[in-house]
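Coordinate inspection notes
As a plain string of letters, each chain reads:
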Number of protein chains: 2
Amino acid sequence: MTRSSNLIEVAKAAGVSNMTVSRVINNSGNVSEKTRQKVLKAIKELNYQPNLIARSLARKKTNILGLVVYTEQGVHPAFYNEIINGVQKGASELGYDLLVFANREDQSYSDRITHSSFVDGVIFMGVKINQHDIRNVHEKGFPYVFIGKREIEGIHPYYISPDYVKGTRMAAEHLIELGHTKIGFIGQSRIIEPDYDKLLGYQEALFKHHVVYNPQLVFEESQTQLDGYNAMKELLKQKPTAVIINNTYATIGATTAIKEAGLQIPEDISVIGFDDNQELNEQYNDFIGLELSTIRIPKVELGKEAARMAISLLEGNETPKANFIDLHFMKNDSCKKL
Amino acid sequence: MTRSSNLIEVAKAAGVSNMTVSRVINNSGNVSEKTRQKVLKAIKELNYQPNLIARSLARKKTNILGLVVYTEQGVHPAFYNEIINGVQKGASELGYDLLVFANREDQSYSDRITHSSFVDGVIFMGVKINQHDIRNVHEKGFPYVFIGKREIEGIHPYYISPDYVKGTRMAAEHLIELGHTKIGFIGQSRIIEPDYDKLLGYQEALFKHHVVYNPQLVFEESQTQLDGYNAMKELLKQKPTAVIINNTYATIGATTAIKEAGLQIPEDISVIGFDDNQELNEQYNDFIGLELSTIRIPKVELGKEAARMAISLLEGNETPKANFIDLHFMKNDSCKKL
DNA sequence: TTGTAGGCGTTATCAG
DNA sequence: CTGATAACGCCTACAA
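Things to note about the sheet that holds strand E8 (residues 242-245) of chain A
Residues and elements named next belong to chain A.
- On the basis of which strands lie adjacent, the open sheet formed by six strands has the order E7-E6-E8-E9-E10-E12 and mixed pairing. The sheet is open, and its two borders are formed by strand E7 (218-220) and strand E12 (328-330), each paired with just one other strand. Strand-to-strand twist across the sheet, computed as the mean angle between neighbouring axes with direction ignored, equals 15 degrees.
- Sheet topology places strand E6 (residues 183-188) next to E8; four bridges connect them, and they run parallel. Opposite Ile186, over in E8, you have Ile245 as the bridge partner.
- Its contacts with the sheet put helix H10 (residues 225-236) on E6, E7 and E8, and the angle it makes with E6 is roughly 150 degrees.

Regarding the interface of chain A and chain B
- On the side of chain B, 61 residues touch chain A, which itself brings 63 residues to the contact.
- For chain A, the biggest contributors to the area lost against chain B are Ile53, His115 and Phe287 of chain A; these three give 12% of the whole.
- Applying the counting rule to chain A against chain B returns zero salt bridges.
- Seen at the junction of chain A and chain B, the total is six residue pairs in polar contact (both at pLDDT 80 or more).
- Looking at the side of chain A that touches chain B, the elements with two or more residues in it are helix H4 (52-59), helix H5 (78-93), strand E2 (97-102), helix H6 (110-115), H10, helix H11 (248-260) and helix H12 (278-288) of chain A.
- At seven residues, the largest contribution of residues to the side of chain A that touches chain B is made by H5 of chain A.

Quick notes on the packing of aromatic side chains
- For the coordinates displayed, the defined rule picks out 17 aromatic pairs over all chains.
- Seen from their ring centres, Phe118 of chain A and Phe118 of chain B are 6.2 Å apart, and the 50 degrees between their planes marks the pair as tilted. Of this pair, Phe118 of chain A sits in the loop between H6 and strand E3 (121-126) while Phe118 of chain B sits in the loop between helix H6 (110-115) and strand E3 (121-126), placing the two residues on different chains. Phe118 of chain B matches Phe118 of chain A in its accessibility class, with the two residues each being buried.
- The structure contains a cluster of three or more aromatic residues connected by ring pairs, namely Tyr70, Phe124, Tyr144 and Phe146 of chain A.
- Across the ring face of Phe274 of chain A, the terminal group of Lys198 of chain A is positioned such that the distance to the ring centre comes to 4.2 Å.

Quick look at helix H7 (residues 131-140) of chain B
Residues and elements named next belong to chain B.
- Taken residue by residue, H7 has Asp133, Ile134, Asn136, Val137 and Lys140 as its buried positions. Taken around the axis of H7, the buried residues stretch over an arc of 165 degrees, which confines them to a single face.
- On the buried face of H7, the contacting elements are strand E1 (64-70), H6, E3 and strand E4 (144-147).
- For H7, the N-terminal capping position is held by Asn130, with its side-chain oxygen 2.8 Å away from the main-chain nitrogen of His132.
- Of the residues trailing H7, Gly141 is marked for its positive phi of about 70 degrees.

Considerations on the pattern of salt bridges
- Counted under the stated rule, the structure contains 30 salt bridges over all chains.
- As a salt-bridge pair, Arg169 of chain A and Glu204 of chain A come within 2.7 Å of each other at their nearest N and O atoms. One end of the pair, Arg169 of chain A, is in helix H8 (residues 164-177); the other, Glu204 of chain A, is in helix H9 (residues 193-208), with 35 residues separating them in the sequence.
- Residues Asp326 of chain B and Lys166 of chain B are paired through a salt bridge, measuring 3.0 Å at the closest nitrogen-oxygen approach.

Here's the deal with the pairing of strand E6 (residues 183-188) of chain B
All names here are of chain B.
- Extensive coverage of E6 is indicated by the burial of six of its six residues.
- One ladder, built from three bridges, connects E6 with strand E7 (residues 218-220); its direction is parallel. Paired with Ile186 across the bridge in E7 is Phe219.
- For the crossover from E6 across helix H9 (residues 193-208) to E7, the handedness is right-handed.

Brief notes about the protein's contact with DNA strand C
- Residues in contact with DNA strand C amount to 27 residues; listed here are only the nearest, Leu7 and Tyr48 of chain A together with Thr20, Arg23 and Asn30 of chain B.
- Counting only the atoms of DNA strand C within 4 Å of the protein, the fraction contributed by sugar and phosphate is 65%.
- At a separation of 2.4 Å, a phosphate oxygen of DNA strand C approaches a polar backbone atom of Leu7 of chain A.
- Within the side chain of Asn26 of chain A, an N or O atom sits 3.0 Å from a phosphate oxygen of DNA strand C.
- Elements that contribute at least two residues to the surface near DNA strand C include exactly helix H1 (7-14), helix H2 (18-26) and H4 of chain A together with helix H2 (18-26) and helix H4 (52-59) of chain B.
- Here the surface near DNA strand C is built from residues that sort into 13 nonpolar, 10 polar and four charged.

Describing the protein's contact with DNA strand D
- Around DNA strand D, the surrounding shell holds 25 residues, and the nearest of these are Thr20, Arg23 and Asn30 of chain A together with Leu7 and Tyr48 of chain B.
- A distance of 2.4 Å is found between a base oxygen of DNA strand D and a side-chain nitrogen or oxygen belonging to Arg23 of chain A.
- Only H2 and H4 of chain A together with H2 and H4 of chain B provide two or more residues apiece to the surface near DNA strand D.
- Classifying every residue of the surface near DNA strand D gives 12 nonpolar, nine polar and four charged.

So, how was this worked out
- Residues numbered from 1 in each chain as written.
- Chains lettered and ligands numbered in written order.
- Predicted model: local features only at pLDDT ≥ 70, side-chain atom pairs only at ≥ 80, totals over all residues.
- Heavy atoms only, no water.
- Pairing = 2+ DSSP bridges.
- Helix = DSSP H or I, 4+ residues; strand = E, 2+ residues; numbered from the N terminus.
- Axes fitted to C-alpha atoms, helices over the stretch in contact; angles between N-to-C directions.
- Contact = heavy atoms within 4.5 Å.
- Buried area = accessible area lost by both parts, 1.4 Å probe.
- Salt bridge = Lys/Arg side-chain N within 4 Å of Asp/Glu carboxyl O.
- Polar contact = N/O pair within 3.5 Å; in protein donor to acceptor, adjacent residues only side chain to side chain.
- Phe/Tyr/Trp six-rings, centres within 6.5 Å; stacked < 30°, edge-to-face > 60°.
- Buried < 20%, exposed > 50% of the residue type's maximum accessible area, 1.4 Å probe, protein only.
- Lys NZ or Arg CZ within 6 Å of the ring centre and 35° of its normal.
- Arc of directions from axis to C-beta.
- Right-handed = clockwise from strand over helix to strand, strands pointing away.
- Near = heavy atom within 4 Å.
- Nonpolar A, V, L, I, M, F, W, Y, C, P; charged D, E, K, R; others polar.

See below:
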C-alpha cells in the first residue's frame with residue numbers, strides 16, 4: 001500500500017518548518033501569503049493529507065461522535081435506521097464523523113467509549129438502554145445526549161424527542177375543525193411513552209374544543225398490521241367519523257378493515273396515520289391510490305438535531321437540557337369536512 | 001471531564017517500566033506471573049484503559065473498518081440498513097469498530113479514507129458507486145471490498161454477493177418438483193443485476209427440467225407494491241399455477257391481486273416471494289394469516305461476510321476474490337403439490 | 001524477564 | 001511572521 005506523505009516532508013519540500021505547514025493546513029496563526037503559497041504548492045505536489053490519528057492524539061480530540069443503539073434483537077428496525085442517517089448527516093455538517101456502536105447485546109459500551117478516546121461525545125438511542133452505561137458516562141462527565149424523552153433517577157440528562165403530544169393534538173384539532181367529534185384513536189399504551197403522549201395530545205385537543213372524551217373510541221396499543229385491522233373492526237361498530245392511528249403498520253391494517261367494511265376514505269371516514277415508516281407509507285399510498293394524511297416524525301431532522309446537541313455539548317457550548325422537535329402534519333387526501 | 005490515567009501512571013503505581021505494562025495489556029512477550037499480577041492490580045486500581053488513538057498512531061492501525069454507502073436520496077432504504085447491521089456485527093466479532101461514511105451526496109470519500117488513516121480498510125455498498133473513489137483506492141492499494149457483484153473495467157475487485165441465480169433456481173426447481181410447469185416470474189430487468197440473475201436462475205431451473213420457457217409468463221421489473229399488483233393481474237390471464245416474485249413490496253401487491261381475483265394461495269396458485277424486507281414480510285404474513293414461502297437474502301450474514309473479507313484482506317491474509325452467499329429458501333405454506 | 005531509547009505525525013508553547 | 005522543542009500515549013527494537 002502506498003504510504004502517504006507527512007507534514008515534515010511537506011515542510012522540507014516547501015523549505016519551511018513543520019509548524020508553518022501546520023499553520024497553513026489549520027488556517028491558524030499568521031502566515032505570510034508568500035510562504036503560504038509555497039506550502040500549498042508542496043502540499044499539492046506531495047498529495048498530502050493530514051493524519052487524523054496523529055492530530056487526534058495531539059489535540060486530544062477526534063472529531064468523532066459515537067452513537068450507541070440499544071436494540072432488542074440485534075437488528076435495528078427501520079425506524080432507528082432513519083434516525084441514524086440523520087445523526088450522520090448532522091455530524092457530517094459540523095465536521096464530525098460517526099462511529100456506531102451496536103449489536104453487542106447485553107454488553108456495556110461505556111468503558112470503551114469514555115476511555116478509548118475514540119469519540120468526543122456520545123448519543124444514546126433505543127428502548128433497552130443500559131443503565132450502567134449511563135451512570136458511568138454521567139459520572140465521568142462525558143458528554144452524552146439521549147434520543148427520546150428520558151428521566152433517570154437522580155440524573156437530568158440532555159435529550160431530544162419528537163413532540164408527540166403537540167403533533168397528535170394538532171392532527172386531532174384539524175379533525176375537530178373539520179367538524180368531527182366522534183374521533184377514534186388506535187394506539188393507546190400505558191407502557192410506551194410515545195404512545196402515551198400521543199393519546200395525551202388527542203385528549204388535549206378534545207378538551208380544548210369541548211368535545212367529550214369517549215373511552216369507547218380508544219383502542220389499546222397496536223404495533224402491527226393485524227392489531228390495526230382488529231382494532232378498526234371493533235372501532236367501526238361505534239360508527240366514528242374519523243380515526244387517528246398510531247403507526248404505519250397499524251394504519252395499513254386499519255384501512256384494510258375500512259375497505260372490507262365497504263367504506264370509503266375520506267367519504268365515509270377520515271383517517272390520519274403516523275408515517276413512522278416513510279418508505280412503507282409511500283408504497284402504500286401508491287398502492288391504494290390515495291395520499292393518506294399523516295403525522296410525520298422528521299426522523300432525519302431528529303437525528304441531525306441530536307448530533308448538533310451532542311456536538312454543542314462536547315464543544316462546551318451552552319446547550320438546553322431538553323429539546324423537542326415538531327412533528328409535521330401532512331394534510332393530504334384522507335380527511336373530509338363534515 | 002475526569003481524565004483517565006495512562007500507561008505511565010500504571011507503570012509507576014506498579015513499580016515497573018511502561019514496557020512491562022504494555023506487555024501485560026497486550027499479552028505479548030514474557031512477563032513473570034508475579035509482576036503481571038502487580039500490573040493488573042495497578043490497572044484495576046487506576047481504572048486504566050489503553051488509549052486507542054495513541055495505540056493506533058504507534059501501530060499505524062486503528063482496527064476500524066470503513067463502510068461507504070452510496071445512496072440515491074441520502075436516506076438508506078431498509079435493505080441497506082440490515083446489511084450495515086451485519087457489517088457491524090462481523091467487524092465487532094473480529095475486534096473492529098465500524099465507521100460509516102454516507103450521506104455526503106456527490107462527494108468523494110476516498111481521500112479521506114485512504115489518507116486520514118482512520119480506517120484500515122473499506123467496504124463499498126450501493127448502486128451509485130463513485131468510480132473515482134474506486135480507482136483512487138485501487139491505485140493506492142488500499143484494501144477494499146464490494147458488496148454486490150462488480151466488474152469494473154481493468155479492475156477485478158474483491159466482492160461478496162448473494163447468489164441470486166442459485167437461490168432462484170432452487171425455488172423454481174422446488175415448484176417444478178411439485179408438478180408446476182406454468183410458473184410466472186415477476187421482476188425481469190435488464191438493468192438491475194440482481195434481478196437479471198434471478199431470471200437466469202428461473203431459466204436454468206426450467207432448462208434443467210425440460211420445461212419450455214414461455215416469455216409470456218415473465219413480467220418486467222417491479223419494485224413497488226403497485227407494480228406487483230399490476231403485473232399479477234396481467235399474469236393471471238395466462239392461468240399460471242405458480243409464480244415467483246422479485247421482492248417484498250411486489251409480493252404484497254401480487255398477492256392482493258390474487259385475492260381480488262377470488263383465488264386462494266396455495267390452493268389455486270403457488271407463490272414464492274423474496275423477503276428482502278424481512279420486517280415487512282413478517283408483518284404481512286401475520287396479516288394474511290399465511291406464511292409465504294420465500295427466498296431469503298441473509299442480509300446480516302452478507303454484511304458479516306463482507307466485514308470478514310475486508311478484514312482478512314487488510315490483515316494480509318489470502319482472500320478469495322469473489323464470494324457468493326447462499327440464499328435461503330423458506331419452505332412455508334404458499335406452495336402446493338399438483 | 002525487564003528496561004531504555006526512539007519514533008508514530010501532529011499540535012502547543014514559547015522564543016526569536 | 002517563523003521556528004525549535006516538547007508533548008500526546010503507546011509500541012518496536014534493541015539491550016541488559
